[in-house]
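# Analysis of the macromolecular model
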Amino acid sequence: MPRERQWADAEPSALAVSQRSVLVAGQRLIVGRTAPGLHVVATPIGHLDDITLRALKTLAGVDLVACEDTRVTGRLLTHYGIDVAMTPYHEHNAAAQRPKILARLAEGAAIALVSDAGTPLVSDPGFRLVRESAAAGHVLIPVPGPSAALTALMVAGLPTDCFFFAGFLPAKGVSRRGRIDELARVPSSLVFFETGPRLGDSLADLAACLGARPAAMCRELTKLHETVERGTLPELAERFAGIEPKGEIVLVIGPPLVEKISPEDVEEALKAALKRLSLKDATAEIAGAFGVSRREIYARALALGRDDEP
């Protein structure tokens, strides 16, 4: 098991440096020391085979791996027979750890920054370390690889020519709906990370704010229980109401259903919707279809004189 060393003992011995290696397909490959600098390394999001040879050689050759959880990264390193020092670097200790990592970089160390899964800096605090490393003049080397957001886009069956990654939605309903309203105007597919316990509520709010846009719920991508559920937002909201699926979840939502609109188009569609739906439901349907905020549609509905419920 790769070891988590204290800072005073984090420098590998000369013997360890001379034996830097990685185990690939049963073959032990000897690698040289990785060049000094901060190497931002993407790691698998699930399937351990989803890692590049360059990433393995980099991890085997650095002096230190800065990772969110040494237990998670330790399993990856052990799987590939990599023996290298690790240190935890996450949102709770980043402020204290950054100066130590920057000091090691100033001494000429080769350090790898990884997240628990996927590409670092996507929904994690690594960007501050990258920013301060750049400001200090240290060499920065990206080592690309897996990304949960891009993997979900590969199988969602939704437009990928333009997409907007929005990370996690707020946990509380009012804030979550406000954030969705802000994103309603974005003329592209939307990509979110989500948790099992919040999935049902988030889908319900997405359906209420964005209407019947096509969407995909991608769970446990590249893992044993990989699942992709497709449908409109209302369909998915109904399917997952009261259900808390386990595992990592990515939601992909199609762009507004109508791309080129005029105020007259919106008003005509709103008048038609108000003839068959309540004010609330008509507002949600038109806002989602046209990519316009619910507040704006609600105000237009009131201006039309329709402030009663059927």
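What counts as what
- Residue numbers restart at each chain and count upward from 1, following the sequence in its written direction.
- In keeping with the model being predicted, local features are shown solely for residues with a pLDDT of at least 70 and side-chain atom pairs are shown and tallied solely at 80 or more, while totals for entire chains, interfaces and linings include all residues.
- Derived side-chain values reflect all non-hydrogen atoms in the structure, with water molecules and hydrogen atoms excluded from consideration.
- Per-residue confidence from the predictor is given as pLDDT, running between 0 and 100.
- A contact between two residues is defined here by any heavy atoms of the two lying within 4.5 Å.
- Per-residue accessibility, obtained with a 1.4 Å probe over protein chains only, is compared with the maximum for each type, and a residue is labelled buried under 20%, exposed over 50%, and partly exposed between these values.
- Going along the chain from the N terminus, every DSSP run of H or I of four or more residues is numbered as a helix, and every run of E of two or more is numbered as a strand.
- Strand pairing is defined by DSSP finding a minimum of two bridges between the two strands.
- Fitted lines through C-alpha atoms serve as axes, helices being fitted only where they are in contact, and the angles separating the N-to-C directions of these axes extend from 0 to 180 degrees.
- Should an angle fall under 35 degrees it is taken as roughly parallel, and over 145 as roughly antiparallel, whereas 65 to 115 is taken as roughly perpendicular and any remaining angle as oblique.
- Note: crossing handedness is left-handed where the near helix turns anticlockwise from the far helix by less than a right angle, and right-handed where it turns clockwise.
- Three classes are used, and their members are as follows: Ala, Val, Leu, Ile, Met, Phe, Trp, Tyr, Cys and Pro are nonpolar, Asp, Glu, Lys and Arg are charged, and the others, Gly among them, are polar.
- The disulfide criterion is simple: two cysteine sulfur atoms within 2.5 Å.
- In this analysis, the expected span of each helix is defined as 1.5 Å times one less than the number of residues it contains.
- Picture the helix axis, draw a direction to every C-beta atom, and the arc is the one those directions span.

### Re the confidence of the model for the protein
- Of the residues in the protein, 91% have a pLDDT of 70 or more, and the chain-wide mean is 89.
- In this model, residues 4-18 is a region of pLDDT below 50 whose contacts with residues beyond four sequence positions or in other chains number 22 contacts.
- Confidence drops under a pLDDT of 50 for residues 306-310, and excluding neighbours within four residues, the segment shows 14 contacts in the predicted structure.

### Regarding the pairing of strand β7 (residues 140-143)
- Every second residue of β7 is oriented toward a common face, the buried set being I141 and V143 and the non-buried set L140 and P142.
- Pairing of strand β3 (residues 37-41) with β7, which is carried by four bridges, proceeds in the parallel orientation. Looking across to β7, one finds that V41 is bridged to V143.

### Description of the sheet that holds strand β4 (residues 64-67)
- The sheet built from five strands is open, its strands ordered β5-β4-β6-β3-β7 with parallel pairing. Each edge of the sheet is formed by a strand with only one pairing partner; in this case those strands are β5 (86-88) and β7. Direction aside, neighbouring strands of the sheet carry axes that sit 25° apart on average.
- Across the sheet, helix α2 (residues 53-61) is in contact with β3, β4, β6 (110-113) and β7; its angle to β7 comes to roughly 135°.

### Let's talk about the packing of helix α7 (residues 173-183) against helix α8 (residues 196-210)
- Viewed as axis vectors pointing N to C, α7 and α8 meet at an angle of 45°, and their least axial separation amounts to 10 Å. What the angle tells us is that α7 and α8 run oblique. Considering only the axes of α7 and α8, their crossing is right-handed. Facing G173, R176, R177, I180 and D181 of α7, the residues of α8 in contact are D201, S202, D205, L206, C209 and L210.
- Class assignment for the residues of the contact of α7 with α8 results in four nonpolar, two polar and five charged.

### Describing the sheet that holds strand β9 (residues 189-194)
- With mixed pairing, the five strands of this open sheet are ordered in space as β8-β9-β12-β10-β11. Of all the strands in the sheet, just β8 (163-168) and β11 (227-232) have a single pairing partner and so form its edges. Ignoring strand direction, the axes of neighbouring strands in this sheet form an average angle of 15°.
- Along the sheet, α7 contacts β8 and β9; its crossing angle with β8, the most-contacted strand, is approximately 170°.
- The sheet contacts of α8 involve β8, β9, β10 (214-219) and β12 (249-253), and relative to β12 the element is tilted by about 10°.

### Some details on the packing of helix α4 (residues 94-106) against helix α5 (residues 126-135)
- Look at α4 against α5: their axes get within 11 Å of each other, and the N-to-C directions meet at 40°. As far as their axial angle goes, α5 and α4 are oblique. Considering only the axes of α4 and α5, their crossing is right-handed. For the pair α4 and α5, the contacting residues are R98, I101, L102 and L105 in the first and R128, L129, E132 and S133 in the second.
- Its residues assigned to classes, the contact of α4 with α5 comprises four nonpolar, one polar and three charged.

### Some points on the state of the cysteines
- Tallying each qualifying case throughout the model produces zero disulfides.
- Unpaired in this structure, C218 has its nearest cysteine sulfur neighbour in C162, at a distance of 18 Å.

### Re helix α10 (residues 263-274)
- Spanning twelve residues, α10 covers 16 Å between terminal C-alpha atoms, matching the ideal 16 Å at 1.5 Å per step.
- By the burial criterion, the buried members of α10 are V266, L270, A273 and L274. Along the long axis of α10, the arc covered by the buried residues comes to 90°, so they all point the same way.
- For α10, the secondary structure elements touched by its buried residues are α11 (279-290) and α12 (294-303).

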